[in-house]
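# Analysis of the macromolecular model
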Amino acid sequence: MPVISKYNPKYHDAWAWSLAMKGGTDADIAAAFGITKRQLERWKQSYPSFAESLATGKEASDSEVEKSLYQQALGYEIRDVETFMVPDKNTGEMVVKSQREIVKHVPPSTMATMYWLNNRHKKTGEWAQRQEVQISGSLSTTTDLSNMSDEDLAALVKLAKEDKPMEGDG
């Protein structure tokens, strides 16, 4: 298919929708059109039908992925037909002996559940992978060392150089 770099709504809108529907990024779509990503951005700003085609294509594919993620988070069942075939004694061709419906259970995916909850509760951070902890209070920035002996001061300097915790530190 030849690349047409001048915008044509009959041509580019449908193609943009199709590429976006298949998961194409703006960079992928620009490359398929033979234009820069910057030019694609200009088309989105200049041609509302083009921007809408891209948006609806991306929304449709995102919805399918969200549905799949949701199903994986909950677990689901797959219905299938198991067919038993045997060779025909007269012709040697394989023929159906029997069929039965089987149901396979796919258990919930822990990762899908975590991802779903993490993204659904972004504002509260309730299920975030990283929790923010705030500590408040004050620490004394000066310690009176005037009453320590020379040996104690030397031992303190040695500990600081070795980067070992002092007695009583967790």
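In what follows, the structure referred to is the one given above.
Residues numbered from 1 in each chain as written. Predicted model: local features only at pLDDT ≥ 70, side-chain atom pairs only at ≥ 80, totals over all residues. Heavy atoms only, no water.

### Focus: the overall build of the chain
Rule in force here: For the purposes of this entry, the term helix denotes a DSSP run of H or I that reaches at least four residues, the term strand denotes a run of E that reaches at least two, and both are numbered from the N terminus. Here the Shrake-Rupley method, with its probe set to 1.4 Å, supplies the accessible areas, and only the displayed protein chains count as covering residues.
Scanning the chain from terminus to terminus reveals six helices and two strands. Here the chain displays about 14,000 Å² of accessible surface, and carbon together with sulfur accounts for 53% of that area.

### Quick notes on the packing of aromatic side chains
Stated formally: Centre distance within 6.5 Å is the pairing criterion for rings of Phe, Tyr and Trp, where only the six-membered ring of Trp is used; planes under 30 degrees apart are then read as stacked, over 60 as edge-to-face, and the remainder as tilted. For every residue, the accessible area obtained with a 1.4 Å probe (protein chains only) is divided by the maximum for its type, and the residue is called buried under 20%, exposed over 50%, and partly exposed between those limits.
Counted according to the given criterion, the structure contains nine aromatic pairs. On the numbers, 3.9 Å between centres and 15° between planes, the contact of tyrosine 7 with tyrosine 47 is stacked. Here the residue tyrosine 7 occupies a position in the segment before α1 (9–21), and tyrosine 47 occupies one in the loop between α3 (37–46) and α4 (48–74), the gap between them amounting to 40 residues. We classify tyrosine 7 as buried; its relative accessible area is 13%. Note on phenylalanine 33 and tryptophan 43: the rings are 6.0 Å apart at their centroids and 35° apart in plane angle, and the pair reads as tilted. Placement of the pair is phenylalanine 33 in helix α2 (residues 26–33) and tryptophan 43 in helix α3, with a sequence separation of 10 residues.

### Here we look at the pairing of strand β2 (residues 94–106)
Within a regular beta strand, the side chains point alternately toward one face of the sheet and then the other, so they alternate between its two faces. This is how the line gets drawn: For two strands to pair, DSSP has to find at least two bridges joining them.
With 12 bridges connecting them, strand β1 (residues 76–87) and β2 associate as antiparallel partners. Note that in β2 the partner of proline 87 across the bridge is methionine 94.

### Some thoughts on the nonpolar core
Stated formally: In plain words, nonpolar cores are sets of buried Ala, Val, Leu, Ile, Met, Phe, Trp, Tyr and Cys residues tied together by side-chain atoms within 4.5 Å. Note on definitions: a residue-residue contact is assigned when non-hydrogen atoms from the two residues lie within 4.5 Å.
By size, the foremost hydrophobic cluster in this structure holds 12 residues: Tyr7, Trp15, Ala16, Ala20, Ile29, Ala30, Phe33, Ile35, Leu40, Trp43, Phe50 and Leu54. Sequence-distant contacts of alanine 16, defined by excluding residues within four places in its chain, comprise Ile29, Phe33, Phe50 and Leu54.

### Examining a nonpolar patch on the surface
In plain terms, the rule: Here, patches come from residues exposed beyond 30% relative accessible area and free of salt bridges, joined within 9 Å for like charges and within 5 Å for nonpolar side chains (Val, Leu, Ile, Met, Phe, Trp, Tyr). The term salt bridge refers to a side-chain nitrogen of Lys or Arg lying within 4 Å of a carboxyl oxygen of Asp or Glu.
Nonpolar side chains collect at one region of the surface, where Met85, Met94 and Val96 lie side by side and expose about 290 Å² of accessible area between them. Tracing the chain through its elements places methionine 85 in strand β1.

### Concerning the pattern of salt bridges
For side chains of opposite charge, pairing can occur when their charged atoms come near one another. What the rule picks out here adds up to four salt bridges. Where aspartate 26 meets lysine 44, a salt bridge forms, and the shortest distance between an N and an O atom there is 2.7 Å. Pair noted here: aspartate 26 is in helix α2 and lysine 44 is in helix α3, with a separation of 18 residues, a long-range link. Bridged by salt links that share partners, the residues Asp26, Glu41, Lys44 and Lys58 form one connected network.

### Let's talk about the environment of leucine 145
Looking at the secondary structure, you find leucine 145 in the loop between α5 (110–120) and α6 (150–162). Excluding anything up to four places from it in sequence, leucine 145 contacts Leu153 and Leu156.

### As for the packing of α1 against α2
For the record, the criterion: In this analysis, axes come from line fits to C-alpha atoms, helices being fitted only over the stretch in contact, and the angle between any two N-to-C directions falls in the range 0 to 180 degrees. When an angle is under 35 degrees it counts as roughly parallel; over 145 it counts as roughly antiparallel; between 65 and 115 it counts as roughly perpendicular; any other value is oblique. Handedness of a helix crossing follows the sense of rotation of the near helix relative to the far helix, less than a right angle counterclockwise being left-handed and clockwise being right-handed.
Contact geometry for α1 and α2: axes closest at 10 Å, N-to-C directions at 135°. Of the possible angle classes, the one that applies to α1 and α2 is oblique. For the crossing formed where α1 meets α2, the hand is right-handed. Along its contact with α1, which presents His12, Trp15, Ala16, Leu19 and Ala20, the element α2 presents Ile29, Ala32 and Phe33.

### Some thoughts on the side chain of aspartate 26
The test is simple: In protein, a polar contact requires one atom able to donate a hydrogen and another able to accept it; more generally it is a pair of N or O atoms within 3.5 Å, and residues adjacent in sequence count only if both atoms are side-chain atoms.
A relative accessible area of 11% places aspartate 26 in the buried class. Here the side chain of aspartate 26 touches lysine 44 through a polar contact of 2.7 Å, side chain to side chain. Leave out the neighbours within four places in its chain, and aspartate 26 touches Lys37, Leu40, Glu41, Lys44, Leu54 and Lys58.

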